Amino acid sequence: MRDFRDKGRNPRFDRNAPAQPRRNSPAPNPKPAAAPAPARDYRRADAGERESRRAGGNDREIVYGVEPIRELAAAAPGSIRVLYVKSGDERRFAAEIDLVRTGGGRVEFADEAGLERLAGPAARHQGIAALMREYEYTPLEDILADAPDPIVLADGVTDPRNLGALIRSAEGAGVGAIVIAKDRTAGITPAAVKSSAGAWIHLKIARCGNVARTIEQFKAAGYWTAALAPGGDTSIYALDTSRKLAIIVGSEGRGVRDIVKKGADFVVDIPMRGKVGSLNVSVAAAVALFEIARRRAAAKPPG
């Protein structure tokens, strides 16, 4: 398991919450774990279920499984509102219990049936689950002030697992921030957190309202905007990667909306070699972002 405790980026959580057109201008711009304290043994975990409902919770607020919980507790213990541990497994999960309590969360114990009700009967909870706090997004203005390059804008990615995979690909390619549209787009839920395999911890993530207006904000901040869409007028292999870039991805079905493509500086195509005409959104983003990273690394002088 990767240990993210010393990586320097801390996700934020709300503890109180339940330019001119440029498409035709191609020239580049020059601690040891403590033993757990005694706690009540909730044999049916009914209190936890009631809390989840009071917090506006459903299965999207519950993370379960040993590795996801250990990763979450190690990297962002403040993100856990309640940690549920199978009765009798206190020593096994002593480190996670200590981290969650230190981060301000509560620990409760439940039997097998109670954990199944929390995580779902088909889930492999492995004796541990957690109710997450609501994620607190970074203000878009703060991200633009930091000027990460490239940056990703996701508009219409409705499946949180796809969003998590997109976040994983982006972080792996060196992206420092992602902006997620508020409408028609999944947020940072436990499903996205689990699918991202820990990558979400290392990214600043913002939400935006009007996507077209956000694109104009990117341009004003010096970004050149590139929408990934089949049939685009610029191949990903011909895109000028010396520019400061904002990469835009669309929904799983319809792709990037027409109004968004019209506002982008480039509509970028990934040439397909087989009979299938398009890629999954997270795969397309991975192809584009790693190509940008590869060409930028190749352009750097040796040494």
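Look a little higher up for the structure.
This one's a predicted model, so the numbers in the text were calculated from it and none came from an experiment.

Participant: Mind showing me how you'd approach the overall build of the chain here?
Facilitator: Along the backbone of the chain there are 10 helices and 14 strands. Carbon and sulfur atoms make up 49% of the accessible area of the chain, which totals about 14,700 Å².

Participant: How should I be thinking about the nonpolar core in this particular structure?
Facilitator: For soluble globular proteins, the rule of thumb is that nonpolar side chains tend to be buried together. The biggest cluster of nonpolar side chains holds 55 residues, and the ones touching the most others in it are Leu83, Val85, Leu163, Ile167, Ile188, Trp200 and Leu289. Here this core gets six residues from one element, more than from any other, and that element is helix α10 (residues 281–299). Aside from chain neighbours lying at most four places away, what touches Leu83 is Ile69, Glu96, Ile97, Val100, Arg106, Val107, Glu108, Ile128, Ala129 and Ala130.

Participant: Before we go on, may I ask you to explain the environment of Gly156 in this structure?
Facilitator: Looking at the element boundaries, Gly156 is found in the loop between β8 (151–154) and α6 (160–172). Using a relative accessible area of 7% as the deciding quantity, one classes Gly156 as buried. Counting along the chain gives 100 residues from Gly156 to Val256, while the straight-line C-alpha distance between them is 8.0 Å. Residues in contact with Gly156, not counting those within four places in the same chain, are Arg184, Thr185, Ser251 and Glu252.

Participant: Could you clarify how one ought to interpret the side chain of Thr234 in this entry?
Facilitator: Positionally, Thr234 belongs in strand β12 (residues 234–235). Overall, Thr234 belongs to the buried group, its relative accessible area being 16%. Looking at Thr234, its side chain comes within polar contact range of the side chain of Asp233, at 3.3 Å. If near-sequence neighbours (up to four positions away) are discounted, Thr234 is found in contact with Leu239, Phe266, Val267, Val268 and Asp269.

Participant: Can you help me understand the pairing of β8 in this one?
Facilitator: Residues in a regular strand point their side chains to alternate faces of the sheet. Of the two faces of β8, the one lined by Ile151 and Leu153 and the one lined by Val152 and Ala154 are each fully buried. As paired strands, β8 and strand β13 (residues 245–249) are joined by four bridges and run parallel to one another. Following the sheet pairing, Ile151 is matched in β13 by Ala246. Direction of pairing for β8 relative to strand β9 (residues 177–181): parallel, over a ladder of three bridges. Along β9, the bridge assignment pairs Val152 with Ile178. Where the polypeptide runs from β8 across α6 and back to β9, its parallel neighbour, the crossover connection is right-handed.

Participant: So what exactly am I meant to see when it comes to helix α8 (residues 211–220) here?
Facilitator: Two residues of an α-helix separated by three or four positions point the same way, owing to the 3.6 residues in each turn. Buried within α8 are the following residues: Val211, Thr214, Ile215, Phe218 and Lys219. With its buried residues spanning 150° around the axis, α8 presents them on a single face. In α8, the exposed residues that point more than 90 degrees away from the buried face are Arg213 and Ala220. The N-cap residue of α8 is Asn210: its side-chain oxygen and the backbone nitrogen of Ala212 are 3.0 Å apart. Once α8 ends, the next one or two residues include Gly222, with phi positive near 95°.

Criteria and cut-off values
Residues numbered from 1 in each chain as written. Predicted model: local features only at pLDDT ≥ 70, side-chain atom pairs only at ≥ 80, totals over all residues. Heavy atoms only, no water. Helix = DSSP H or I, 4+ residues; strand = E, 2+ residues; numbered from the N terminus. Areas by Shrake-Rupley, 256 points an atom, 1.4 Å probe, with all protein chains shown as cover. Core = buried A, V, L, I, M, F, W, Y, C linked by side-chain atoms within 4.5 Å. Buried < 20%, exposed > 50% of the residue type's maximum accessible area, 1.4 Å probe, protein only. Contact = heavy atoms within 4.5 Å. Polar contact = N/O pair within 3.5 Å; in protein donor to acceptor, adjacent residues only side chain to side chain. Pairing = 2+ DSSP bridges. Right-handed = clockwise from strand over helix to strand, strands pointing away. Arc of directions from axis to C-beta.

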